[in-house]
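Chain residues, written in single-letter form:
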Amino acid sequence: GESVGLHLPTLSVQEGDNSIINCAYSNSASDYFIWYKQESGKGPQFIIDIRSNMDKRQGQRVTVLLNKTVKHLSLQIAATQPGDSAVYFCAENHGANNLFFGTGTRLTVIP
Amino acid sequence: DTEVTQTPKHLVMGMTNKKSLKCEQHMGHRAMYWYKQKAKKPPELMFVYSYEKLSINESVPSRFSPECPNSSLLNLHLHALQPEDSALYLCASSLEGGLAGTGELFFGEGSRLTVL
């Protein structure tokens, strides 16, 4: 079975609100996680990554939080914009860039 | 140039046809990948080439045959496919492969394959 999954398949937020997308994993030895965004008709696009020696990492309008105790990570998007509408995947690096993608959450931003 | 270019964007083929998907990058990346993505599903890794050598083959049927002519090019040769092989085939590249690699892959827009 999948070792990386998401709590919710869809998420709708109002433009300007913050979005939180969650992801769970089962392998406690996992040490590197990546978030990707896939817009309709396009390939996935790297957003941000985090290694297990960190709890939090920030990018431009995005923050990834890692809770190793409960094997959970989240992607927070500040001031969500219509261009943020996409499917978001968390991915686990199984080593040698063998990425295992979770099932994905479709984020819809309501204008 | 920060793009991964895939051709063709769309391909329709019969089960007896032989066709190829092509991928090109000019970012100097040393690792290239083929992923398969079915509708409403996550990408699934098929093959990884690192420094032009096949490093990962995720138990892909032999009707899919990858080829890496040089560090900028990656092909996927298709023969005797089945209708269930219809999917979006994504090519990606990364700066490094193997244990030196990070998780930052650059994906192309994919080749949408329909097998009749």
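Residues numbered from 1 in each chain as written. Chains lettered and ligands numbered in written order. Predicted model: local features only at pLDDT ≥ 70, side-chain atom pairs only at ≥ 80, totals over all residues. Heavy atoms only, no water.

Visitor: It is not clear to me how empty space enclosed by the protein should be interpreted in this structure. Could you clarify?
Guide: All names here are of chain B. This structure, assessed with the given rule, holds one cavity of 30 Å³ or more. Space inside the largest cavity adds up to approximately 40 Å³. His-29, Arg-30, Ala-31, Met-32, Tyr-49, Tyr-51, Glu-52, Cys-68, Asn-70 and Ser-71 are the residues that line the largest cavity. When residues of the lining of the largest cavity are traced back to their parent elements, those giving at least two are strand 4 (31-37) and strand 7 (64-70). (1 Å grid on protein atoms, 1.4 Å probe; cavity = no way out; pocket = protein on both sides within 12 Å on 5 of 7 lines; lining within 4 Å. Points joined across faces, edges and corners; volume = space filled by probe spheres on them. Helix = DSSP H or I, 4+ residues; strand = E, 2+ residues; numbered from the N terminus.)

Visitor: Quick question: what am I supposed to make of the layout of surface pockets here?
Guide: Unfilled space is identified by rolling a water-sized probe across the atoms. Within this model, the largest pocket holds a volume of roughly 910 Å³. Elements with a contribution of two residues or more to the lining of the largest pocket: strand 9 (86-93) and strand 10 (99-101) of chain A together with strand 5 (44-50) and strand 9 (87-94) of chain B. When grouped by side-chain class, the residues that make up the lining of the largest pocket number 12 nonpolar, 10 polar and 12 charged. Elements with a contribution of two residues or more to the lining of the second largest pocket: strand 4 (32-38) and strand 5 (45-51) of chain A together with strand 1 (4-7) and strand 10 (106-107) of chain B. (Nonpolar A, V, L, I, M, F, W, Y, C, P; charged D, E, K, R; others polar.)

Visitor: Quick question: what am I supposed to make of the interface of chain A and chain B here?
Guide: Accessible area lost during the coming together of the parts is what is often quoted as the interface size. Across the contact, 19 residues belong to chain A and 23 residues belong to chain B. The contact between chain A and chain B buries some 1600 Å² in all, and 54% of this surface belongs to carbon and sulfur atoms. Between chain A and chain B we count zero salt bridges in total. Our enumeration of links across chain A and chain B arrives at two residue pairs in polar contact (both at pLDDT 80 or more). Of all elements in the fold, only strand 4, strand 5, strand 9 and strand 10 of chain A reach the threshold of two or more residues within the side of chain A that touches chain B. (Contact = heavy atoms within 4.5 Å. Buried area = accessible area lost by both parts, 1.4 Å probe. Salt bridge = Lys/Arg side-chain N within 4 Å of Asp/Glu carboxyl O. Polar contact = N/O pair within 3.5 Å; in protein donor to acceptor, adjacent residues only side chain to side chain.)

Visitor: Looking at this model, I keep getting lost on the pairing of strand 3 (residues 18-25) of chain B. Mind explaining?
Guide: Remark: a regular strand shows side chains that alternate across the two faces of the sheet. Residues and elements named next belong to chain B. Of the pairings in the sheet, the one linking strand 1 to strand 3 comprises four bridges and is antiparallel in character. Within the sheet, the bridge partner assigned to Thr-7 lies in strand 3 and is Lys-22. Relative to strand 8 (residues 73-79), strand 3 runs antiparallel, the two being bridged by seven bridges. Across the sheet, residue Leu-21 finds its bridge partner in strand 8, namely Leu-76. (Pairing = 2+ DSSP bridges.)

Visitor: Mind showing me how you'd approach the packing of aromatic side chains here?
Guide: Here a ring pair, both rings aromatic, is described through the centre-centre distance and the interplanar angle of the planes. Tallied over the full model, the rule gives nine aromatic pairs over all chains. With centroids separated by 5.5 Å and ring planes inclined at 55°, the aromatic side chains of Tyr-36 of chain A and Phe-101 of chain A adopt a geometry described as tilted. Residue Tyr-36 of chain A is found in strand 4, and its partner Phe-101 of chain A is found in strand 10; the two are separated by 65 residues along the sequence. In this structure Tyr-36 of chain A comes out as buried when scored by relative accessible area, which is 0%. Measuring from ring centre to ring centre gives 5.8 Å for Tyr-36 of chain A and Phe-107 of chain B, while their planes differ by 90°; the resulting arrangement is edge-to-face. Placement of Tyr-36 of chain A in strand 4 and of Phe-107 of chain B in strand 10 is noted, with the two residues assigned to different chains. An identical accessibility class is assigned to Tyr-36 of chain A and Phe-107 of chain B; each is buried. Grouping aromatic residues by their ring pairs yields a cluster made of Tyr-36, Phe-46, Phe-89 and Phe-101 of chain A together with Tyr-35 and Phe-107 of chain B. Taking the ring centre of Tyr-32 of chain A as reference, the NZ or CZ of Arg-51 of chain A above it sits at 3.9 Å. (Phe/Tyr/Trp six-rings, centres within 6.5 Å; stacked < 30°, edge-to-face > 60°. Buried < 20%, exposed > 50% of the residue type's maximum accessible area, 1.4 Å probe, protein only. Lys NZ or Arg CZ within 6 Å of the ring centre and 35° of its normal.)

Visitor: Looking at this structure, how should I read the environment of Leu-88 of chain B?
Guide: As for its placement among the helices and strands, Leu-88 of chain B is situated in strand 9. Once residues within four sequence positions are removed from consideration, Leu-88 of chain B is found in contact with Gln-38 of chain A together with Tyr-35, Lys-36, Gln-37, Glu-109, Gly-110, Ser-111 and Arg-112 of chain B.

Visitor: I'm lost on the pattern of salt bridges in this one. Help?
Guide: Side-chain pairs of opposite charge can arise whenever the charged atoms involved come near each other. All names here are of chain B. Applying the stated criterion to the full structure yields six salt bridges over all chains. The closest approach of N and O atoms between Glu-109 and Lys-9, which form a salt bridge, is 3.9 Å. Here Lys-9 lies in the loop between strand 1 and strand 2 (10-13) and Glu-109 lies in the loop between strand 10 and strand 11 (111-115), a separation of 100 residues in the sequence. With relative accessibility at 41%, the residue Glu-109 sits in the partly exposed group. Across the salt bridge formed by Glu-52 and Arg-30, the nearest N and O atoms sit 3.7 Å from each other. You can see Glu-52 sitting in the loop between strand 5 and strand 6 (53-57) and its partner Arg-30 sitting in the loop between strand 3 and strand 4, a full 22 residues away along the chain. Relative accessible area serves as the criterion here: at 30%, Arg-30 is assigned to the partly exposed category.

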